[in-house]
Amino acid sequence: MHSAIDLEAQYCAGNYHPLPVVLIRGEGLYLWDDRGKKYLDMMSAYSAVSHGHAHPRLVKLVQEQVATLNIVSRAFHSDRLGPFLERACELTGLDMALPMNTGAEAVETAIKAVRKWAYTVKGVPEDRAEIIACTGNFHGRTIAIVAMSDEPQYQAGFGPFPPGFALVDYGDIDALERAITPNTAAFVVEPIQGEGGIVIPPAGYLKAAAELCRQHNVLFVADEIQTGLGRTGRLLACDHEGVKPDGLILGKALGGGVLPVSMFLARRDVMRVFTPGDHGSTFGGNPLAAAVGLEALNILVEEDLPAKSAAMGAYLKAELDEIESPLIREVRGKGLFVGIEIDPEHGSARAVCEALMKRGLLSKETHETVVRLAPPLIIGKAEIDWAVRQLRDVLEDLGSMQLAS
Ligand SMILES: *Cc1c(COP(=O)(O)O)cnc(C)c1O
């Protein structure tokens with residue numbers, strides 16, 4: 001028995017089902033366990049580690065900043081927050097930002113912003129604002145956010161839920177048009193659904209949805225917590241269709257794989273609805289997080305990580321398309337955001353991930369049937385070749401095991 005795993009089993013809430021590996025060190029693309037075994041990280045902590053583990057520039061910056069100034073709360077200004085938000089706005093083309101820590105907090109911030117905008121700007125009657133979300137969405141785990149979800153497990157046992165959310169089929173532009181009412185404040189959408197299984201909507205969907213929103217004075221809010229910051233081969237996944245959202249949610253990689261850093265960005269006329277005391281967070285925008293966030297954005301640009309993601313993602317996808325296995329139903333993705341749909345008749349994504357782990361490759365299944373491959377964006381061809389070889393062998397082993405049984 002493994003004592004670190006036993007301790008977690010005894011003291012940690014059972015809200016996750018981790019693979020049985022105890023990690024003690026990370027550097028670049030690699031992680032090491034407590035027995036000295038090395039793993040290629042093809043999960044990047046749900047895309048939070050796009051820069052790679054312990055990026056030297058971030059490590060150096062944290063060491064300096066942590067010894068200088070960390071937490072002051074937003075009761076005061078700091079020299080770090082302004083430059084961080086300025087850079088984020090410059091890069092994304094939005095006017096203003098509200099800093100938070102985790103993704104869910106930034107989504108909550110977006111929900112509050114669009115509702116207050118609906119009442120104070122659009123003129124929606126009090127408490128009647130509606131937000132449209134998509135089937136299969138994942139926006140986080142708070143009560144308001146799971147109220148937007150159609151995944152039964154996210155809601156079961158946690159009700160009652162706040163009203164004001166409507167669902168439309170992801171990718172169905174006509175359904176969105178039918179769902180819009182005079183009380184619709186916003187359409188909140190992931191450009192590619194990550195937790196939903198790396199689901200890519202039909203080409204042109206985002207552009208058409210943004211246009212529909214503009215026609216009806218509805219805010220188009222992109223949740224790019226996972227797809228943003230280079231993951232799909234562009235800085236934002238919205239850039240693939242030239243869509244400029246009215247509101248944008250960033251998190252995960254914004255913290256450089258070092259800290260939780262998130263934000264909601266929006267046009268000035270939307271962000272202006274917030275007045276002192278409306279909303280806040282003790283840690284949101286703290287100097288340490290702001291310094292890390294700014295450096296994470298600078299590294300992203302200077303190392304050209306979105307372009308690397310596009311090139312290496314295309315290479316990974318082409319290599320995966322070469323694999324012939326009855327276990328694979330589909331390979332889909334954009335940039336280094338790839339999902340392999342396993343045919344449940346022939347195998348399980350969990351079994352694939354466990355077998356990959358034994359071979360030194362870490363990944364995690366999503367929605368039982370999809371193996372996600374989302375390595376740090378610094379991955380190169382040699383590492384991809386190695387990873388594809390492991391996957392090919394694992395699928396062969398699992399396929400022949402099935403034949404034998
Ligand atoms: C991960 C994720 C969130 C939630 O972020 P947390 O930091 O876990 O709260 C929200 N939206 C999307 C699209 C995500 O991938």
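Position numbers for residues count from 1 along each chain, tracking the sequence in the order it is written. Confidence filtering applies because this is a predicted model: local features only for residues at pLDDT of at least 70, side-chain atom pairs given and counted only at 80 or more, and all residues used for totals across whole chains, interfaces and linings. Side-chain numbers come from the whole structure's heavy atoms, not from hydrogens or water.

1. Notes on the domain arrangement of the protein
Note: interface size is frequently given as the accessible area lost on complex formation between the parts. Let me state the cut-off plainly: What marks off one domain from the next here is an automatic or database domain assignment. Contacts are assigned to residue pairs with any non-hydrogen atoms lying within 4.5 Å of each other. Once two parts are joined, some of their accessible surface, as seen by a 1.4 Å probe, is lost; buried area is that loss totalled over both. Counted as salt bridges are all cases of a side-chain nitrogen of Lys or Arg within 4 Å of a carboxyl oxygen of Asp or Glu.
Along its sequence, the protein is carved into domain 1 (4–54 + 304–404) and domain 2 (56–302). A C-alpha centroid distance of 27 Å is found between domain 1 and domain 2. Residue-level contacts link 30 residues of domain 1 with 32 residues of domain 2. The contact between domain 1 and domain 2 buries some 2,400 Å² in all, and 59% of this surface belongs to carbon and sulfur atoms. Remark: the boundary between domain 1 and domain 2 carries one salt bridge. Among the salt bridges present, the one from E195 reaches R372, with a minimum N-O distance of 3.0 Å.

2. Observations regarding the nonpolar core
Nonpolar side chains in soluble globular proteins tend to end up buried together. Test applied: Take the buried Ala, Val, Leu, Ile, Met, Phe, Trp, Tyr and Cys residues and link them wherever side-chain atoms come within 4.5 Å; each set so joined is a nonpolar core. Remark: exposure states derive from per-residue accessible area (1.4 Å probe, protein chains only) relative to the maximum for the residue type, with buried under 20%, exposed over 50%, and partly exposed in between.
F84, F187, F220, L320 and V352 are the most contacted members of the largest nonpolar core, which has 80 residues in total. When we break this core down by domain, the ones giving at least three residues each are domain 1 (4–54 + 304–404) and domain 2 (56–302). Excluding anything up to four places from it in sequence, F220 contacts F187, V189, L206, A209, A210, C213, C238, V243, P245, D246 and G247. In this structure, L98, A110, A185 and V273 belong to the second largest nonpolar core, which totals 33 residues.

3. Observations concerning the sheet that holds strand β3 (residues 38–41)
The test is simple: One bridge is not enough; two strands pair if DSSP finds at least two bridges between them. Strands here are runs of E lasting at least two residues and helices are runs of H or I lasting at least four, both read from the DSSP assignment and numbered beginning at the N terminus.
Spatial strand order, β1-β2-β3-β13: four strands in an open sheet with mixed pairing. Either end of the sheet is taken by a strand with one partner, and the two such strands are β1 (23–27) and β13 (361–362). By the bridge criterion, three bridges tie strand β2 (residues 30–33) to β3 in an arrangement that is antiparallel. Opposite W32, over in β3, you have K38 as the bridge partner.

4. Digging into the pairing of strand β9 (residues 247–250)
If a strand is regular, its side chains alternate between the two faces of the sheet. Burial of β9 is two-sided: the residues G247 and I249 facing one way and the residues L248 and L250 facing the other way are all buried. As paired strands, strand β8 (residues 219–223) and β9 are joined by three bridges and run parallel to one another. Residue A222 lies in a different strand from β9, and its bridge partner there is L248. Of the strand pairs in this sheet, β9 and strand β10 (residues 262–266) are connected by four bridges, and their pairing is antiparallel. Bridge pairing in β10 links G247 to A266.

5. Focus on the site of the ligand
Where we set the bar: Neighbouring residues are identified by heavy atoms, a residue being near a molecule or strand if any of them is within 4 Å of it. For the purposes of these results, a polar contact is taken to be a pair of N or O atoms within 3.5 Å, where, inside protein, one atom must be able to donate a hydrogen and its partner to accept one; residues adjacent in sequence count only when each atom of the pair is a side-chain atom. Using a 1.4 Å probe, the Shrake-Rupley method yields the accessible areas, and only the shown protein chains count as cover for residues. A cavity here means a set of 1 Å grid points, computed over protein atoms only, where a 1.4 Å probe fits but cannot escape. A pocket is an open set with protein on both sides within 12 Å along at least 5 of 7 lines, and lining residues have an atom within 4 Å of a point. Think of it this way: a molecule belongs to a cavity or pocket when more than half its atoms come within 2 Å of the grid points there. Gly counts as polar in this scheme, as do all residues outside two lists: the nonpolar Ala, Val, Leu, Ile, Met, Phe, Trp, Tyr, Cys and Pro, and the charged Asp, Glu, Lys and Arg.
Taken together, T102, G103, A104, F138, H139, G140, E190, D223, I225, Q226 and K252 make up the full set of residues adjacent to the ligand. Here a nitrogen atom of the ligand sits 3.4 Å away from a polar atom, N or O, in the main chain of F138. Against a free-state accessible area of 380 Å², the protein chains account for coverage of 81% of the ligand. With respect to the detected pockets, the ligand is housed in the largest pocket. Within the shell around the ligand, the residues separate by chemical class into three nonpolar, five polar and three charged.

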